[in-house]
Amino acid sequence: MSEESAKVAPAPTHHGLSIGDRLDRLPVLPAHHRLTGVIGVGLLFDMYENNLSGVLSKVLQADFALNGTTLKLVLASAFLGQFLGAVVLGRLADRFGRRRAFLVNLALYSGASLAGAFAPSVGWLVATRFVAGIGIGAEQSLTDSYLADVLPARHRGRLIAWAYTIGFCGVPAVGLLAVWLVPLTPFGVAGWRWLFLLGALGSAVVWVLRRGLFESPRWLAAAGRHAEAEKLTARLEAQAGPAYVTTAPAPAPAAAGARPSGGGMLRMLFSAPYRRRTVMTWVFCLLSTVGYYGFGTLAPQVLAAKGFDVVQGLGYTAVSFFGYPVGSLLSAPLMDRVERKVLVAVSACAMAAAGLGFAFAGSPGWVVAFGFGYTLLSNVFSAASHVLLAEQYPTAIRAGASGMAYSLSKLTAAALPFLLLPLLESGGAMLLFAVIAGAMAVLALDVVVLGERTTGRPVDGFPADRSPVR
């Protein structure tokens, strides 16, 4: 138990508390650390896969003799798959459970990445990246929904930031592995194919680890499976100690399993209690990808435009990518101390400034410095964003509603090569990063004006009962 958790000691007897109340009042337990670690390792391979096509774009362009259109299709295919995966698997998680959806999405992108390692043609590569994208697209929204469900409110932001810190180690990992393997042909097989194979094998290991996760008690209660929810929650309370045991739980709500279907989801998201937060999250997701993936996907292309060769570009990109885990690590102590929407807005504006610096940079030192700064700020932004978005909707619709919002970011990501590469080709890095900076400024305004305060507050008090958990 952490020192901070120990200071918040509840009375030894508790009556009429809901499953959500009981989960929120727990201290941080070994079970919370364990699931945060398992989810984080899964995110590591998700980040690895997410950045694979972008990091290898120049290599694939040479190996398959890609022209402008086919290169854009390769870069966009995974994101188109992610758009579909975020919508479909998010709804699956609300209907059949977070744990089951996790296993489906991992199986999809592990198998497709393995098939991509043996791609004989551009068409095969595009198809396998699309299928892998279906699995990848659900990973982050499922992660956010599951962790928001099970982690105590007072510690939710910090632990989610730690999961993403582990996850973002996958970004420099793919960059460093590319620098090492791309020039080689181990056992007569092109180095880039080994990168796909390693991603598939890692994801398969995570699939085995995730079979040991327990289902979200909040989801079980919302689905009407109150006995299972009670059993899991009681087990966590017993681990916390006698002071946390609830002697008289609240009765199961009569309509716990009600949730919208089909067009009912859209109607609910734009109904009075959720309309403002839905507009905020949708605008946010459409624009955040421009800043976040605009750099990660196109950095090798920008460096090539600056005159660096492929190996140099991969090296500078790999060093810059170390900012991703460092930024996520730095965000951890801030998450439960700084209001989430403020942290998102400030880091978005700082990203815009770092991007303009990267555009002006001419020497390797400045390229790496601004690239590292950009990725570091990106992951302060990203960690805060994931927690903020996970806190917008109640348990019964959280994964599906979040998945719909995330799907818009994947749609933008799929369009990025077609929108941003022409800007790079016609106006250079300065025009490219000026457009990215503008998108981040609008995003910051959207969050400040429309976003609500969520730090340390219950995730199921909508729209009332949002006071911080003490």
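Every value quoted in this text rests on a predicted model; they were computed, and no experiment measured them. (Residues numbered from 1 in each chain as written. Predicted model: local features only at pLDDT ≥ 70, side-chain atom pairs only at ≥ 80, totals over all residues. Heavy atoms only, no water.)

1. As for the overall build of the chain
Stated precisely, the cut-off is as follows: Think of it this way: any DSSP run of H or I at least four residues long counts as a helix, any run of E at least two long counts as a strand, and we number them from the N terminus. Relative accessible area decides the class of each residue, using a 1.4 Å probe on protein chains only: under 20% of the type maximum gives buried, over 50% gives exposed, and in between gives partly exposed. Only the protein chains shown count as cover for residues, with accessible areas throughout obtained via the Shrake-Rupley method and a probe of 1.4 Å.
Of the regular secondary structure elements, the chain holds 19 helices and zero strands. The 470 residues of the chain split such that 59% are buried. By element, 70% of the accessible surface of the chain is carried by carbon and sulfur atoms, the whole surface being about 16800 Å².

2. Some points on the nonpolar core
For soluble globular proteins, nonpolar side chains are generally found buried alongside one another. In plain terms, the rule: For our purposes a nonpolar core is just a set of buried Ala, Val, Leu, Ile, Met, Phe, Trp, Tyr and Cys residues, chained together by side-chain atoms within 4.5 Å.
Formed by 117 residues in total, the largest nonpolar core has its most connected members in Leu56, Tyr146, Phe284, Phe433 and Leu443. Per element, the largest residue contribution to this core is 19 residues, and it comes from helix H19 (residues 398-450). Phe45, Leu106, Ala112 and Ala132 belong to the second largest nonpolar core, which has eight residues in total.

3. Section: helix H10 (residues 191-210)
Put simply, the test is: Here, expected helix span is obtained from the residue count minus one, scaled by 1.5 Å.
With 20 residues, H10 should cover 28 Å at 1.5 Å per step; its first-to-last C-alpha distance of 29 Å lies within 8% of that length. For H10, the full list of buried residues reads Gly191, Trp192, Arg193, Leu195, Phe196, Leu197, Gly199, Ala200, Gly202, Ser203, Val206 and Arg210.

4. Overview of empty space enclosed by the protein
As a reminder of what qualifies: Note on definitions: the grid is 1 Å and covers protein atoms alone; a cavity is a set of points where a 1.4 Å probe fits but cannot get out; a pocket is an open set with protein on both sides within 12 Å along at least five of seven lines; lining residues have an atom within 4 Å of a point. Grid points are joined across faces, edges and corners, and a volume is the space filled by probe spheres set on the points. Amino acid classes used here: Ala, Val, Leu, Ile, Met, Phe, Trp, Tyr, Cys and Pro are nonpolar; Asp, Glu, Lys and Arg are charged; the rest, including Gly, are polar.
Enumeration according to the criterion identifies five cavities of 30 Å³ or more in this entry. Here the largest cavity defines a volume of roughly 210 Å³. Along its surface, the largest cavity is lined by 17 residues, and Gln140, Ser288, Ser382, His386 and Tyr406 are the ones closest to its centre. Residue assignment for the lining of the largest cavity shows that the elements contributing at least two residues are helix H14 (275-305), helix H18 (364-390) and H19. Looking at which element gives the most residues to the lining of the largest cavity, the answer is H14, with six residues. Classifying every residue of the lining of the largest cavity by side-chain character gives nine nonpolar, seven polar and one charged.

5. Re the side chain of serine 382
For clarity, the cut-off: We call two residues contacting when some pair of their heavy atoms lies within 4.5 Å.
Looking at the element boundaries, serine 382 is found in helix H18. Exposure remark for serine 382: the relative accessible area of 6% places this residue in the buried category. Not counting the four nearest positions on each side in its chain, serine 382 is found in contact with Phe168 and Tyr292.

6. A look at the pattern of salt bridges
Our working definition: Salt bridges are identified by distance alone: a Lys or Arg side-chain nitrogen within 4 Å of an Asp or Glu carboxyl oxygen.
Following the criterion strictly, the structure yields 14 salt bridges and no others. Linking glutamate 228 and arginine 225 is a salt bridge whose minimum nitrogen-to-oxygen distance equals 2.8 Å. Put simply, Asp94, Arg98, Asp149 and Arg398 are held in one network by salt bridges that share partners.

7. Quick word on helix H5 (residues 68-96)
Here H5 is 29 residues long and its end C-alpha atoms lie 42 Å apart, about the 42 Å a rise of 1.5 Å per residue gives. One or two residues past the end of H5 sits glycine 97, with phi positive at roughly 115°.

8. Regarding the environment of phenylalanine 118
Along the chain, phenylalanine 118 turns up in the loop between helix H6 (98-116) and helix H7 (122-150). Setting aside residues up to four positions removed in sequence, phenylalanine 118 forms contacts with Trp124 and Arg193.

9. Describing the side chain of arginine 156
Let me state the cut-off plainly: Distance and chemistry together define a polar contact, namely a pair of N or O atoms within 3.5 Å, with one atom able to donate a hydrogen and the other to accept it when in protein, and with adjacent residues in sequence counting only for side-chain atoms on both sides.
Position of arginine 156 among the secondary structure elements: in helix H8 (residues 156-167). At 2.9 Å, the side chain of arginine 156 and the side chain of glutamate 391 are in polar contact. Once residues lying within four places of it in the same chain are set aside, the contact partners of arginine 156 are Asp24, Ala148, Leu151, Asp336, Arg340, Glu391, Thr454, Gly456, Arg457 and Val459.

10. Focus on the packing of helix H9 (residues 170-181) against H10
Relative placement of two packed helices is described by the angle separating their axes and the distance separating the axes. Selection rule: Every angle, taken between N-to-C directions, lies between 0 and 180 degrees, and every axis is a line fitted to C-alpha atoms, over only the stretch in contact when it is a helix. Handedness of a crossing is defined here by the sense of rotation of the near helix relative to the far one, left-handed for an anticlockwise turn of less than a right angle and right-handed for a clockwise turn.
One way to put it is that H9 packs onto H10 with a least axis distance of 8 Å and a crossing angle of 145°. With respect to the hand of their crossing, H9 and H10 are arranged in right-handed fashion. Taking contact as the criterion, the partners of Leu177, Ala178 and Leu181 in H9 are, on H10, Gly191, Trp194, Leu195 and Leu198. When grouped by side-chain class, the residues that make up the contact of H9 with H10 number six nonpolar, one polar and no charged.

11. Let's talk about the packing of aromatic side chains
Here is the rule: Aromatic contacts are taken between Phe, Tyr and Trp rings whose centres are within 6.5 Å, Trp giving its six-membered ring; a plane angle under 30 degrees counts as stacked, one over 60 as edge-to-face, and the others as tilted. We count a charge as sitting over a ring when the NZ of a lysine or the CZ of an arginine lies within 6 Å of the ring centre and within 35 degrees of the ring normal.
Going through the model one piece at a time under the given rule, you end up with 12 aromatic pairs. Ring pairs connect the aromatic residues Phe64, Trp192 and Phe196, which therefore count as one cluster. Positioned over the ring face of phenylalanine 102 is arginine 210, at 4.3 Å from the centre of the ring.

12. Looking at the packing of H7 against H8
Where H7 contacts H8, the axes come no closer than 10 Å and their chain directions differ by 145°. For the crossing formed where H7 meets H8, the hand is right-handed. The residues of H8 that touch H7, namely those facing Gln140, Thr143, Asp144, Leu147 and Ala148, are Arg156, Ile160, Ala163 and Tyr164. Here the residues of the contact of H7 with H8 are counted per class, giving five nonpolar, two polar and two charged.

13. Examining the layout of surface pockets
By volume, the second largest pocket is sized at about 180 Å³. Lining the second largest pocket are Ala31, Arg34, Leu35, Val38, Leu209, Gly212, Leu213, Phe214, Leu232, Arg235, Leu236 and Gln239. Among the residues making up the lining of the second largest pocket, the classes are represented as eight nonpolar, two polar and two charged.

14. Considerations on the environment of leucine 376
Turning to its location among the elements, leucine 376 is positioned in helix H18. Leucine 376 sits 45 residues away from serine 331 along the chain, and the two C-alpha atoms are 9.6 Å apart. Setting aside residues no more than four positions away along its own chain, leucine 376 makes contact with Gly323, Tyr324, Val326, Gly327 and Leu330.

15. Looking at the confidence of the model for the chain
The condition that has to hold: Confidence scores per residue from the predictor, reported as pLDDT, run from 0 to 100.
Of the residues in the chain, 89% reach a pLDDT of 70 or more, and the chain-wide mean stands at 83. Confidence, read as mean pLDDT per element, is least for helix H1 (residues 3-6) in the chain (44) and greatest for helix H12 (residues 226-240) (93). For the stretch residues 254-258, pLDDT sits under 50, and the model shows nine contacts to residues farther than four places along the chain or on other chains.

16. What to know about a nonpolar patch on the surface
The test is simple: Patch definition: residues with relative accessible area over 30% and no salt bridge; like charges joined within 9 Å; nonpolar side chains (Val, Leu, Ile, Met, Phe, Trp, Tyr) joined within 5 Å.
Taken together, the side chains of Leu80, Leu84, Val88, Phe130, Val131 and Leu411 present a nonpolar region at the surface, about 440 Å² in accessible area. Those elements that place two or more of their residues in the nonpolar patch are H5 and H7. Looking at which element gives the most residues to the nonpolar patch, the answer is H5, with three residues. Structurally, leucine 80 is set in helix H5.

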